[in-house]
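Observations on chain architecture
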Amino acid sequence: MAIYEVVRTGNVLPGEFVSAVVIAPGVDLARKSVGHLPGVKATGVNRNVEARKLDTTGSVRLISIYKDESPTLDDALTDAPEYMS
């Protein structure tokens, strides 16, 4: 089995799948593993995901990062300047 990075190739709407890291025996099964997620068409001519095999024998590679997307106080003040007066 290999490690694959599976990513969307089309426009992504809020709440839809963006990317994943998958362990699978092949590229087709890596794509199909996310086929049940919102916004994904994993098979056929019009599929909107691609899978890239990650090289696990080379140098160090960052596979995934999770970021808190909660707005900060600065963001809130910038987005709503009427509350600053």
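It should be noted that the structure appears before, not after, this text.
Now for a quick tour of the structure. Worth saying up front: this structure is predicted, and the values here are computed from it rather than measured. (Residues numbered from 1 in each chain as written. Predicted model: local features only at pLDDT ≥ 70, side-chain atom pairs only at ≥ 80, totals over all residues. Heavy atoms only, no water.)

Across its full length, the protein holds 2 helices and 3 strands. In sequence order, the secondary structure elements of the protein are arranged as β-β-α-β-α. Taking the intrachain contacts of the protein between residues at least 6 apart in sequence as the baseline, contacts between residues at least 24 apart amount to 41%. (Helix = DSSP H or I, 4+ residues; strand = E, 2+ residues; numbered from the N terminus. Contact = heavy atoms within 4.5 Å.)

In this section: the pattern of salt bridges. On inspection of all chains with the given rule, the structure shows 4 salt bridges. A salt bridge links Glu50 to Arg52; the shortest N-O distance between them is 2.9 Å. On the basis of relative accessibility, which here comes to 33%, the residue Glu50 falls in the partly exposed class. (Salt bridge = Lys/Arg side-chain N within 4 Å of Asp/Glu carboxyl O. Buried < 20%, exposed > 50% of the residue type's maximum accessible area, 1.4 Å probe, protein only.)

Turning to the nonpolar core, a few remarks are in order. Ala2, Tyr4, Val6, Phe17, Val22, Ala24, Ala30, Val34, Val40, Ala42, Val49 and Ala51 together form the largest nonpolar core, which totals 12 residues. The element contributing the most residues to this core is strand 1 (residues 2–8), with 3 residues. The residues touching Ala30, leaving out its near neighbours within four places in the chain, are Tyr4, Val6, Val22, Ala24 and Ala51. (Core = buried A, V, L, I, M, F, W, Y, C linked by side-chain atoms within 4.5 Å.)

A few words on the side chain of Arg31. For Arg31, the location among the structural elements is in helix 1 (residues 27–32). A polar contact is formed between the side chain of Arg31 and the side chain of Asp28, at a distance of 2.4 Å. Residues within four places of Arg31 in sequence aside, it is in contact with Val6, Ala42, Arg47, Val49, Glu50 and Ala51. (Polar contact = N/O pair within 3.5 Å; in protein donor to acceptor, adjacent residues only side chain to side chain.)

Below, the discussion takes up the environment of Ser19. With respect to the helices and strands, the residue Ser19 is situated in strand 2 (residues 19–24). Residues within four places of Ser19 in sequence aside, it is in contact with Val6 and Val7.

It is worth spelling out the side chain of Glu5 at this point. Tracing the chain through its elements places Glu5 in strand 1. Once residues within four sequence positions are removed from consideration, Glu5 is found in contact with Ala20, Glu50, Ala51, Arg52, Leu54 and Arg61.

Right, let's get into the sheet that holds strand 3 (residues 49–53). Taking strand neighbours across the sheet as the criterion, the 3 strands line up as 2-1-3 in an open arrangement whose pairing is antiparallel. Two strands lie at the open edges of the sheet, namely strand 2 and strand 3, each paired on one side alone. Averaged over all pairs of adjacent strands, the angle between their axes in this sheet comes to 30°, without regard to strand direction. (Pairing = 2+ DSSP bridges. Axes fitted to C-alpha atoms, helices over the stretch in contact; angles between N-to-C directions.)

By themselves these figures say nothing about function.
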